[in-house]
Amino acid sequence: MVDEDGGRRPDWLVVCRDDAPLVPGAVVLAGAATRTRAGLFAVLAAALALPTYLGETWDALSDVLRERLDAGPLTLLITDAGHLLADEPADQYALLLAVLGNLAANAPHPLRVVLDGAAHS
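Visitor: In this structure, what is going on with unusual backbone geometry? I would like to understand it.
Guide: Leave glycine aside and you will find that most residues have negative phi; peptide bonds, for their part, are mostly trans. Residue Ala49 is not a glycine yet carries a positive backbone phi of 50°. With respect to the helices and strands, the residue Ala49 is situated in the loop between α1 (37–48) and α2 (58–70). Even without a glycine there, the phi angle at Asp80 is positive, about 45°. For Asp80, the position within the fold is in the loop between β3 (74–79) and α3 (90–106). We classify Asp80 as partly exposed; its relative accessible area is 47%.

Visitor: What is the right way to read the packing of aromatic side chains from this model?
Guide: Centre distance and the angle of the planes are the two values used to describe a pair of aromatic rings. Under the defined criterion, the tally for this structure stands at 1 aromatic pair. Each ring, one from Phe41 and one from Trp58, has its centre 5.3 Å from the other, and the planes form 65°; the classification is edge-to-face. Taken together, the residues span a long stretch of sequence, with Phe41 in helix α1 and Trp58 in helix α2 at a distance of 17 residues. Each member of the pair Phe41 and Trp58 is classed as buried.

Visitor: Looking at this model, I keep getting lost on the pairing of strand β1 (residues 13–16). Mind explaining?
Guide: Remember that side chains alternate between the two faces of the sheet whenever the strand is regular. With burial as the criterion, each face of β1 is covered, one bearing Leu13 and Val15 and the other bearing Val14 and Cys16. Of the strand pairs in this sheet, β1 and strand β4 (residues 111–116) are connected by 4 bridges, and their pairing is parallel. Note that in β4 the partner of Val15 across the bridge is Leu115.

Visitor: Mind showing me how you'd approach α1 here?
Guide: Note on helix geometry: an α-helix contains 3.6 residues per turn, so any two residues three or four positions apart are oriented the same way. In this model α1 runs 16 Å from its N-terminal to its C-terminal C-alpha over 12 residues, within 8% of the 16 Å that 1.5 Å per residue would give. Within α1 the residues assigned to the buried category are Gly39, Leu40, Phe41, Val43, Leu44 and Leu48. Packing partners of the buried residues in α1 comprise β2 (27–30), α2, β3 and α3. Positive phi appears at Ala49, one or two residues downstream of α1, with a value of about 50°.

Visitor: Looking at this structure, I do not really get the side chain of Thr34. What am I missing?
Guide: Its location among the elements puts Thr34 in the loop between β2 and α1. Ignoring anything within four residues of it in the chain, the contact list for Thr34 reads Gly39, Leu40, Val43, His83, Leu84 and Leu85.

Visitor: Please clarify how the nonpolar core should be interpreted in this entry.
Guide: One broad trend across soluble globular proteins is that nonpolar side chains are buried collectively. Core analysis: the largest hydrophobic core is formed by 33 residues, its most contacted members being Leu61 and Leu115. Among the secondary structure elements, those contributing two or more residues to this core are β1, β2, α1, α2, β3, α3 and β4. Sorting elements by how many residues they give to this core places α3 first, with 6 residues. For Leu61, the residues in contact, after removing those within four places along its chain, are Phe41, Leu44, Leu54 and Leu96.

Reading the values: the criteria
Residues numbered from 1 in each chain as written. Predicted model: local features only at pLDDT ≥ 70, side-chain atom pairs only at ≥ 80, totals over all residues. Heavy atoms only, no water. Helix = DSSP H or I, 4+ residues; strand = E, 2+ residues; numbered from the N terminus. Buried < 20%, exposed > 50% of the residue type's maximum accessible area, 1.4 Å probe, protein only. Phe/Tyr/Trp six-rings, centres within 6.5 Å; stacked < 30°, edge-to-face > 60°. Pairing = 2+ DSSP bridges. Expected span 1.5 Å × (residues − 1). Contact = heavy atoms within 4.5 Å. Core = buried A, V, L, I, M, F, W, Y, C linked by side-chain atoms within 4.5 Å.

This is the structure:
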C-alpha cells in the first residue's frame, strides 16, 4: 500500500486523515485516552479484556496481544489517532509500530490497525 505522501505503508496499517472507514468488528480505542504509554496499555487492557499481569512494557504487550491473536483476527481502530502516545518521546510511537508490525507478520491470525486522524506517519 502506498500512502498519500508516496511512502510505503505496511498492509496491516491503515492511516486515515479524514473519516475512518467503516470497520465492522473493530475494537475502537479513543486516541485521547492513549496519550501516554500507561494510558494506551490501560485502554487496550479494558477493551480487549487482557490479563491483569499485562504490566507496562512493550514485551508484555506483545505477549498478551499474541495470546489474543491465537484466538482469532483482531482489528484496532484508534480514533483521533494524532493523540496516540503524544505525551511520550517519539521513539515510543515507533516502538508501538514495531511491536504491532512484528505481531502482524508473525501471529497466527491477522492483525489490522486503523489510525483515524493520525498526525504521525
